[in-house]
Structures are given as C-alpha cells and as structure tokens.
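Topology and contacts: notes
The primary structure of each chain is shown beneath.
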Amino acid sequence: MKITLKITSLVIASLVLAITAAGCSSLGVKDEGQPNETTNANATAHDKPIKLRIMWWGSQARHDATLKILDLYTKEHPNVTFETQYQGFDGYLDKLTTQAAAKNAPDIIQMDAAWLADWNGRGQLADLSSLNTKDIDPKVLDTGKYNGKLTAVPLGFNAWGMIYDKAALEKLGVAEPKDGYTWDDYFKMVEEIKPKLHKGQYVIKDGTTDTEQYAAFQLSKGKGWPITADGKFNYDKETWLEWTKKFAQLRKEGVVPPPDVQLADKDLDPTADMLVNGNLLFKGLHAAQVSAYDSLKPGAIGVAAMPQGVQAGGWLKATFYFSISQDSQYKEESMKFIDWFINDQKAGEIGGTTRGIPISNNVLEFLKPAFSIGDKLTVEMINKTALNSQVFNPGPPGWADFGKEAKDIREQLMFEKMTPEQAYDALMKAAKKYEK
Amino acid sequence: MNHGKNHSYAPLAGYLFISPWLIGFAILTVWPMIQSLYYSFTDFSLLSPPRWIGMQNFKEISEDRFFYNSLKVTFTFVITSVPARLVFALFVAMLLNQKIRGIGLYRTIIYLPSLIGGSVAVAVLWKNIFGMTGFINHITALFGIAPKNWIGTPGTALGTLVTLSVWQFGSAMIIFLAGLKQIPGELYEASSVDGAGKLRQFFTVTLPMLSPVIFFNLIMGLINSFQSFTAAFVITGGGPLNSTEMYALYLYEKAFAALHMGYASALAWILLAIVAVATAINFLVSKYWVFYENDTGGNR
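Keep in mind that what you see is a predicted model, and the values were worked out from it rather than measured.

With that settled, consider the overall build of chain B. The secondary structure content of chain B amounts to 14 helices and 2 strands. Whereas a compact globule of 300 residues would reach a radius of gyration of roughly 19 Å, chain B reaches 24 Å, over 25% beyond that. Principal axes of the C-alpha set define a box for chain B whose edges measure 85 × 70 × 40 Å. A burial count over chain B gives 30% of its 300 residues as buried. A sequence separation of at least 24 residues applies to 69% of the contacts in chain B between residues at least 6 apart.

This part is about the overall build of chain A. In terms of regular secondary structure, chain A is built from 17 helices and 13 strands. The 436 residues of chain A split such that 41% are buried. Long-range pairs, those at least 24 residues apart, make up 75% of the contacts in chain A between residues at least 6 apart in sequence.

Right, let's get into the nonpolar core. With 97 residues, the main nonpolar core has Met 162 and Val 290 of chain A as its most contacted residues. A domain split of this core shows at least three residues from each of domain 1 (49–156 + 318–377) and domain 2 (158–317 + 379–432) of chain A. Ignoring any residue separated from it by four or fewer positions in sequence, one finds Met 162 of chain A in contact with Phe 282, Gly 284, Leu 285, Val 303, Ala 304, Ala 305 and Met 306 of chain A. Counting 50 residues, the second-largest nonpolar core is a separate cluster that includes Trp 126, Ile 151, Val 213 and Ile 214 of chain B.

Moving on to the packing of helix α16 (residues 402–414) of chain A against helix α17 (residues 420–432) of chain A. All names here are of chain A. At a closest axis distance of 10 Å, the pairing of α16 and α17 adopts a crossing angle of 170°. Taken as axis vectors, α16 and α17 run roughly antiparallel relative to one another. Here α16 contributes Phe 402, Glu 405, Ala 406, Ile 409 and Leu 413 to the contact with α17, which in turn contributes Pro 420, Ala 423, Ala 426, Leu 427, Ala 430 and Ala 431. Across the contact of α16 with α17, the residue classes tally to 10 nonpolar, no polar and 1 charged.

The next thing to look at is the environment of Phe 25 of chain B. Residue and element names in this part refer to chain B. Here Phe 25 lies in helix α2 (residues 19–39). We classify Phe 25 as exposed; it has 12 C-beta atoms within 10 Å. A sequence separation of 214 residues divides Phe 25 from Gly 239, and the C-alpha atoms of the two residues are 36 Å apart.

The next point concerns the interface of chain B and chain A. At the interface, 27 residues of chain B touch 21 residues of chain A. Sorting the residues of the side of chain B that touches chain A by element identifies α5 (103–115), α9 (170–182) and α13 (247–257) of chain B as the ones contributing at least two each. Residue classes in the side of chain B that touches chain A are distributed as 14 nonpolar, 10 polar and 3 charged.

Okay, the pairing of strand β2 (residues 80–87) of chain A next. Residue and element names in this part refer to chain A. Bridge analysis of strand β1 (residues 50–57) against β2 gives 8 bridges, and the strand direction is parallel. Residue pairing in the sheet places Lys 51 in a bridge with Thr 81 of β2. With respect to chirality, the unit in which β1 leads through helix α2 (residues 60–76) into the neighbouring parallel β2 is right-handed.

To continue, consider α5 of chain B. For α5 of chain B, spanning 13 residues, the distance from its first C-alpha to its last is 19 Å, which sits close to the expected 18 Å at 1.5 Å a residue. Every buried residue of α5 of chain B is accounted for by Arg 107, Tyr 111 and Ser 114 of chain B.

Residue and element names in this part refer to chain A. Taken in spatial order, the 5 strands line up as β2-β1-β3-β11-β6 in an open sheet, and their pairing is mixed. At either end of the open sheet lies a strand with only one pairing partner, and these are β2 and β6 (153–154). Here α2 sits on the sheet in contact with β1 and β2, set at roughly 170° to β2.

Moving on to the domain arrangement of chain A. All names here are of chain A. Segmentation of chain A into domains returns domain 1 (49–156 + 318–377) and domain 2 (158–317 + 379–432). Between domain 1 and domain 2, the residue contacts involve 22 residues of the former and 20 residues of the latter. Within the residue set of the side of domain 1 that touches domain 2, elements represented by two or more residues are α4 (113–121) and α15 (373–386). Residue contributions to the side of domain 1 that touches domain 2 peak at 6 residues, all from α4. Considering only residue class, the side of domain 1 that touches domain 2 consists of 10 nonpolar, 8 polar and 4 charged.

Here we take up the UniProt feature "transmembrane region" (unreviewed entry) in chain B. UniProt's feature table lists "transmembrane region" (unreviewed entry) at residues 12–34, 73–96, 108–126, 157–180, 201–223, 229–252 and 264–285 of chain B, given in the numbering used throughout. Structurally, residues 264–285 of chain B is divided into 100% helix and 0% strand, and its ends, taken at the C-alpha atoms, are 32 Å apart.

In this model, chain B carries a mean pLDDT of 88, and residues with pLDDT of at least 70 account for 93%. Two summary scores accompany this predicted model of the complex, namely pTM at 0.81 and ipTM at 0.80.

Our focus in this paragraph is unusual backbone geometry. Residues and elements named next belong to chain A. Even without being a glycine, Leu 268 presents a positive backbone phi close to 65°. Relative to the helices and strands, Leu 268 resides in the loop between α10 (259–264) and β8 (282–286). By C-beta crowding, Leu 268 is classed as partly exposed, having 19 other C-beta atoms within 10 Å. A positive phi is found at Glu 416, a non-glycine position, where the angle reads about 60°. Along the chain, the position of Glu 416 falls in the loop between α16 and α17.

Tracing the backbone through its elements, the reader meets Asn 388 of chain A in the loop between α15 and β13 (390–391). Those residues in contact with Asn 388 of chain A, other than ones at most four positions away along the chain, are Gln 308 and Ala 312 of chain A.

Keep in mind that low pLDDT regions are not for reading the predicted coordinates in detail. All names here are of chain A. When the pLDDT values of chain A are averaged, the result is 86; 89% of them are 70 or greater. Element-level pLDDT for chain A is lowest in helix α1 (residues 2–37), with a mean of 43, against a maximum mean of 96 in strand β3 (residues 108–111). Throughout residues 1–5 the model reports pLDDT below 50, and contacts reaching past four residues in sequence, or to other chains, amount to 8 contacts. Under a pLDDT of 50 for its full length, residues 13–44 has, in the predicted model, 7 contacts with residues more than four places off or in other chains.

Rules behind the numbers
- Position numbers for residues start from 1 in each chain and track the written sequence from start to end.
- Lettering for chains starts from A, numbering for ligands starts from 1, and both go in the order in which the items are written.
- Reporting of local features is limited, given that this is a predicted model, to residues whose pLDDT is at least 70; pairs of side-chain atoms are given and counted only at 80 or more, and all residues count toward the totals for whole chains, interfaces and linings.
- The helix count covers DSSP runs of H or I at least four residues long, the strand count covers runs of E at least two residues long, and both are numbered beginning at the N terminus.
- To get the radius of gyration, use the C-alpha atoms; to get the globule rule, take the number of residues to the power 0.38 and multiply by 2.2 Å.
- With C-beta atoms placed from the backbone, a residue is labelled by how many other C-beta atoms lie within 10 Å of its own: buried for 20 or more, exposed for 12 or fewer, partly exposed between the two.
- Here contacts are defined at the residue level, using C-beta atoms placed from the backbone and a cut-off of 7 Å between them.
- Joined through C-beta atoms within 7 Å, a set of buried Ala, Val, Leu, Ile, Met, Phe, Trp, Tyr and Cys residues constitutes a nonpolar core.
- The source of the domain bounds is an automatic or database domain assignment.
- Angles shown run from 0 to 180 degrees and are taken between the N-to-C directions of axes, each axis being a line fitted to C-alpha atoms and, for helices, limited to the stretch in contact.
- An angle below 35 degrees is read as roughly parallel, one above 145 as roughly antiparallel, one from 65 to 115 as roughly perpendicular, and any other as oblique.
- Under the scheme applied, nonpolar residues are Ala, Val, Leu, Ile, Met, Phe, Trp, Tyr, Cys and Pro; charged residues are Asp, Glu, Lys and Arg; polar residues are all the others, including Gly.
- Strands pair, by our definition, only if DSSP identifies at least two bridges between them.
- If you view a crossover with the strands going away from you and the path from the first strand over the helix to the second runs clockwise, you call it right-handed.
- A helix is expected to span 1.5 Å multiplied by its residue count minus one.
- UniProt positions are given in the numbering used here, feature names are shortened, and annotations may be inferred rather than shown by experiment.
- As a per-residue quantity, pLDDT reports the predictor's confidence and falls between 0 and 100.

Given below as structure tokens:
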C-alpha cells in the first residue's frame, strides 16, 4: 500500500507540475502580446518590437532553411522576431483551422492551393495587393487571386512528375525513360524490370489508391480531371477500369507491392520510404520534394515528366502560398516580411529550392549559377513537364469530405474487397452528395 | 456564537471550501456540455455561427456507414481489450503480491512504463515495433514467417492496438494489488485447513473477495476504452480500410478535419448514451457477482 501511495503522490505531483507549466506558458504568451500594443504605442513604428507568428509545413531541409531566413530577417530588422510553428503535412490543416476558429491563426500562413477557395469564401485571408510582385509570372500569380484580389502569393514553381532510382536502373541495365514516353512504354518497361529484382523489391507503387497518378492518366487520355474544377464527377468509366485492372494484374505479378507493404511506405521518411531504402524504383512526386530525395540518396535520383497519352499527363502549378490572416494585428509588418521573403536575393539563396523553384525571376536568375544537384533536378523535372503540360486544378470548394469516401473505396479495391466496376459505381454514388 | 448558528453556517462554509472545484466544474465541464448539446442540433463549421437544423445531424448519422463502422470497431476493441487487460493486470498483481526480497523494486519497475503508457511517444514506439522493419518481424523471421506490416493489414491492425491497451495495465494492476492486500490472511488459512489447493483458493477466496475491485476496474476500463483515441490516431490513423477507426477518432475527424462541429457534437452525445447504457448494464449485472464485505450473499 505504501508504494501505491508513493506512486500516486508522484503522479499527482507531476500532474500538478504539468498543469502549472501549461498555465504559465499560456500566461506567458499573453504577457508578451500586451506590451506591444500598449506601452510601446508611442514609439515609432520602425523600432517597435514585434513578434510575428508564422506557420508552415515541410521536410527537415525546408525547416532548416526557413529558420535561417527568419534569423537573417531579424538581423536586418532587429525589432521583428518570429514565433514559429512548423511540422510535416499530416495534421497541418487541422491545427491551422482550429487556431483560425479561435481567431488565433498565425500572422503568416503557408497555404495550399486546395484550401484557398474555402478560406477566401469565408473572408479569412487579408488583401496582399500592395506586395511587389513585378518579378512573378502573372499566370502563376493569378492562381493566388480571389475575385481579382491577391490573397495568397505563390512561393515557387512546382510540377507533378516522376522520380526514379537512376543508380539502380543503371545497375539493372535498363534505359531511363525518354522525354515524351507514353503510358504504354512505361508499363512495358515496368514489366521488363520486375524479373530482375530481388524479393521484396518492387518497380512502382500500386496506383489504385493514388488520386494524382490516376488524374494524370485520365488527363493524358484527353478526358479531363476526374473531379472538375467546377465540381462535377468526371471519372471516365473506361479509363478507370483500364487503370484499376492494369494494377490488379501488376499486383498479382508482384510488380507493385502488396497492400500492407504499400501502406507502410511514407514519403521522405529515412527508414520507411521504399524508394530511399532501395525497395522501389519509381515514384510519382512533386518537383519541390526532389531535392529532399537527393539529400537522402545523393547522386542516385533521376527525374522525368509523367508519361503521356494523346495529351500530357503531368501539370505545372505553384508549390504553395503565403497568406496573411485577416485576424492578424501586424498585417503591414507581415506584408513587409513576405515582400522581402520572395524578392530578396539573400533570402532566396538560403531557401534554394526548398519551396520549389523561386517564384521571383530576379531571384531565380541570381541563384541559377550556384544551384546544387538537388536544385538542378527540381528544375529539370519542371522543365521536362513544361514541354507538354496540363492546367492544374486545385479541386472544387466544398468537396473536402469526398476525399475520405474516395480513399475508402480505393483502399477496398486495393485490398480486393470490391471489383473495379463496383468501385466506380461507389465513387459515382459518393460524389452525388457534393455535386451542385 | 451559539451552537445553532454555527450549525446553520456549516453547509455554506462547506460549499465555499469546495467552490474552486465547483466553479471549475461548472465552467469547464457543465457549460461546454450544454454548448455541445446545443451544437448537436446545429450545422456548425466552427468558422461561421451555428445554424439550427433540428434532428438533421442525428438523421444523417443513422445513414452514415462510417458511423456504423466506427461502432463496430469500438465495440470489438472494448470487448477484447477490457477483459484482456483485467486478466493481465490481475495476473501481474498476483505475481507482485509475493513475499520476496526487493519486491518494492520490482513493483516500481513494472509499474513505471504505465506512467507513460497512454502517451504519444509510446504510440510511436508501438508503430515501430509492429512496422515493416520492426521488432515483431525480427522475431517471426526466426520461425520462418515472412515479414508483414502488422499495422497495415486490416486483420491485424486492431490487434496491435488491443495489445498496446493490454500493455497499459499499470493503474488497474496497482488497484488489484491494493485489493489483494486487503484480503484477510485467515481466509486462506481456514481454506487450506479445509483442504483447498491454490487454484481452489483463487476461485473461492481471492476472486469473490476481490470482486468489488474487479468491478471498479471493469467500469473504469470500459469507459476509457470507449473513448480510446491516441493509439488509433498516432499508430494507424484509422486505417487500413478504416479497420481501426475508433469512435473517438471518427468524431475528431468530423470535428477538426471536416469541420462539422455540429455533427461531431451529435456523435459525442450518442457516445455518452452508449457508455451510460453499458455502465448501467454492468451495475445491474454486478448484483449477481460482486460481493461487498457486509454482504451475506442473500441477493443471489
């Protein structure tokens, strides 16, 4: 009994500690917020100490670079410091929305194209029209506008393409995919490679659950996006059956990993990424992630555009955006920072291609001579895709919940609990709720 | 001051003394509950004001296949993990009830992991243990079994979560241990004089004497398991094929990923009703198997 008591008191003591600590820190934040508004109100705007809150997602390389850029900004503007929140992509939006609901969103937010419609619709993003955007390609800049007003400024160029383990292909004596290769070439190559691999190695992933690759496949047939930008169900039945039956066959032949192995694959996880640990040869990917792969597997990565059909498969897009929260107290200071972030050469130098190819042509020209291998690969994928590309579709607003249903249906198909025909009908039925 | 006056002040003073707790309870528990009850009849996206829609949420829930799936998953989890954890906790408690040297140290060492058992860190550890290159696959490889991704296979994913739940036996074990200490030694002496062996003693002395403690652990375990969230969120994220999408996880997804706060509030109230009914049933059934010391067994 004595030991029980001891342990109980230990638990209670640590709980109390934890609670007090939590209490203190939340008080601490408040304390920092207050003086800025009141005591320093009569100081000049220039040296008024300001703490900007900024939030982004990404890989370690992007985190490191961003923190360095923020340090540089603080050095040049000693009155501005940053409170950072950074993480991987999973759970980012949940956290952000919860903060926004509490009117406590960070001042500067990294935003994805797919969320802009909903956020703009609720009027949560501040007007960025006064930013200096003269070095940005107007076509890309327009993707950040809502009703003609700039609310999100693109940070880099990106493309949806293919990476592969170049070193492994060389060893196997297989030629790398050529520019303009077709899906037929691709599947033929994949089946040729399979017999040369060891047990536990696979050529490509099972595309049954991959929405992006399927979109690329359907686009290449000239049948448009599976869900159109204006919110219509547009899965082409014949294309869907061709795609899913092809992968059912590849699954049977062991060209693609079995479902449980596939689900363990996690992009850019040093131990769980199958391409990094040598168990996979090809992967569909965004160009902005290529340099991170190069750092995990130096010198071994090759890039290609998506395979083609009668049309191109891949697409160009902006990587993502910076926006300013409508609730921010420091809109002007945040704007100044973003302006510097996209246009300053030193900031661009530190950032490299961790947010895709720098969006400012001026910064890009300055950086080009010093590009690393990873950066060059990113450029190469974008250039290869640019030869022949589709117009990006961020997805219609209000379809966020469809993703869950579609994922479930696709997984059931991958685990062979459904036939491709049933999956098609299920997708069509699920989409009915969201079509307007 | 006279006695009468003192007497009339006593309740007020009492309430004053517990007022910090009462105020906290009112503001942090009762008020949010009332709010969520209101939200359950609204369409509320968190970012725009709630809109009254009556029973619409409950109607939609009754047609929601993910709701039924999460119920199935949660019940499977509760029915397997609660008894398994009780049995395991009792087993460990009996081992730790031996009179050997340094037993205090053993108790501490064995209890220690449970202090961190429900945490995210342990869940991440679990994910690695059962992962493709994890510890479990190294063991099974010794027996010539091909490695598999335990958390990525619909048939075994929930099992890994049940195992983790059983491994978090510590608090139940401590309570069992305290209960075991309370059983008078005379009962064992008397029964052994009557010729009862160890096994017989366990079933006729230990279990009945321990039944109030078992009942307490059962109720607490039941309530906790119905609300289980962390493990599923961190380890499997509800997959594969939604085979580990626990009720609380689905509720969280609806609330914070899909921003259907009203729908999620309705789900929360349904869960409350389910837990209440399960607890009530247990209390009713308890009459037939729980013995209190002043009990004569006449209830049977």
